[in-house]
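Here is what each chain is made of, one letter per residue.
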Amino acid sequence: MQAASAKWYDRRDAVFVEFCVEDSKDVQVKFESSKLNFSCVGGTDNAKHQNEMNLFEAIDPNESKHKRTDRSVLCCLRKSEVGKSWPRLTKEKAKLNWLSVDFNNWKDWEDDSDEEFSNYDRFSEMMNSMGGEDDLPDVDPADEEDSADSDDEKMPDLE
């Protein structure tokens, strides 16, 4: 029996764990308040997979769910304490070789306000807070048609 590779990410009200096992069968997921047990048969070699972990914080086992697809099993662990960030998935600080952070879905939600700003809105807000246009000198070259510039000299032809 071997551990299934897994990816995880944190959200305000839940933690998501995706066990990456293709064509899984006999999937069993057991949610306890401070523990997660996962087992299945799957992969190209129909190997038996089993993962057991003590979770960083408590979850609500009755509200936690899982969903099987052809490529993986996604578990949604409902946090008992909503709004508390999990710096890691497991209680132990030890690095588990089968577990990694899902950076494609990771989001630093602690710094976000309740209003979801798009990146453009955040950029515009930042630019507006840096000062108005009155602080900038007028440097529009279209207004200076008659001024001579050293860069306007004719370039010699290439040989």
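Provided above is the structure to which this section pertains.
Within every chain, residues take consecutive numbers counted from 1 along the sequence as written. Where totals are concerned, whole chains, interfaces and linings use all residues; where local detail is concerned, this predicted model gives features only for residues with pLDDT of at least 70, and gives and counts side-chain atom pairs only at 80 or more. Note: side-chain values were computed over all heavy atoms of the structure, leaving out hydrogens and water.

Draft legend 1. Here's a closer look at the side chain of Ser72. Secondary structure is summarised from DSSP: a helix means a run of H or I of at least four residues, a strand means a run of E of at least two, and numbering begins at the N terminus for each. Tracing the sequence through the fold places Ser72 in the loop between strand E6 (65-68) and strand E7 (73-78). The rule is simple: take the accessible area with a 1.4 Å probe, protein chains only, and divide by the maximum for that residue type; under 20% is buried, over 50% is exposed, in between is partly exposed. The exposure class assigned to Ser72 is buried, which follows from its relative accessible area of 6%. As used in this structure description, the phrase polar contact means that two N or O atoms lie within 3.5 Å; if the pair is within protein, one of them must be able to donate a hydrogen and the other to accept it, and residues adjacent in sequence are counted only when both atoms belong to side chains. Among the polar contacts listed, one links the side chain of Ser72 to the side chain of Glu18, at a separation of 2.7 Å. Note on definitions: a residue-residue contact is assigned when non-hydrogen atoms from the two residues lie within 4.5 Å. With residues up to four places along the chain from it excluded, the contact list for Ser72 reads Glu18, Phe19, Cys20, Val21 and Lys67.

Draft legend 2. Examining the sheet that holds E7 more closely. In this description, strands pair whenever DSSP reports at least two bridges between them. Ordered in space as E6-E7-E2-E1-E8, the five strands form an open sheet in which the pairing is mixed. Since the sheet does not close on itself, it has two edges, and those belong to E6 and strand E8 (99-101), each with one partner. Between one strand axis and the next, the sheet turns through 20° on average, direction left out of account. Two elements, strand E1 (residues 6-10) and E8, share three bridges in a ladder whose sense is parallel. Across the sheet, Trp8 pairs through a bridge with Val101, a residue of E8. Geometry is summarised by axes, namely lines fitted to C-alpha atoms with helices restricted to the contacting stretch, and by angles between N-to-C directions that run from 0 to 180 degrees.

Draft legend 3. Region of interest: the nonpolar core. Counting residues in hydrophobic clusters, the biggest one holds 23 residues, and the most contacted among them are Phe19, Leu77 and Leu89. Broken down by secondary-structure element, the contributors of at least two residues to this core are E1, strand E2 (14-19), strand E3 (25-31), strand E4 (35-42) and E7. Excluding anything up to four places from it in sequence, Leu89 contacts Trp8, Val15, Val17, Met53, Asn54, Leu55, Phe56 and Leu99. For our purposes a nonpolar core is just a set of buried Ala, Val, Leu, Ile, Met, Phe, Trp, Tyr and Cys residues, chained together by side-chain atoms within 4.5 Å.

Draft legend 4. Spotlight on the sheet that holds E4. Pairing within the open sheet is antiparallel, and its three strands lie in the order E3-E4-E5. Both edges of this open sheet fall to E3 and strand E5 (47-54), since each of them pairs with a single strand only. The average undirected angle you get between the axes of adjacent strands in this sheet is 5°. Both E3 and E4 contribute to a ladder of five bridges, which runs antiparallel. Bridge assignment links Phe31 to a residue of E4, and that residue is Leu36.

Draft legend 5. Fine view of the environment of Ser39. For Ser39, the location among the structural elements is in strand E4. Sequence-distant contacts of Ser39, that is, excluding residues within four places in its chain, are made with Asp26, Val27, Gln28, His49 and Gln50.

Draft legend 6. Structural view of the pairing of E2. Counted residue by residue, E2 has five buried out of six residues, so it is predominantly covered. Where E1 and E2 come together, five bridges link them in antiparallel fashion. Pairing of Tyr9 across the sheet is with Phe16, part of E2. The hairpin turn running from E1 into E2, its antiparallel successor, is three residues long. Note: E2 against E7, six bridges, orientation antiparallel. Across the sheet, residue Val15 finds its bridge partner in E7, namely Leu77.

Draft legend 7. The arrangement of the packing of aromatic side chains in detail. Stacked, edge-to-face and tilted labels apply to pairs of Phe, Tyr and Trp rings (six-membered ring for Trp) whose centres lie within 6.5 Å, assigned for plane angles under 30 degrees, over 60, and everything in between, in that order. Scanning all chains against the criterion turns up four aromatic pairs. With a centroid separation of 5.3 Å and 90° between ring planes, the pair formed by Trp8 and Trp106 is classed as edge-to-face. With Trp8 in strand E1 and Trp106 in the loop between E8 and helix H1 (119-129), this residue pair connects regions lying 98 residues apart in the sequence. The exposure class of Trp8 is buried, given its relative accessible area of 4%. Judged by centre distance (5.0 Å) and plane angle (15°), the rings of Tyr9 and Phe16 are stacked. Relative accessible area serves as the criterion here: at 12%, Tyr9 is assigned to the buried category.

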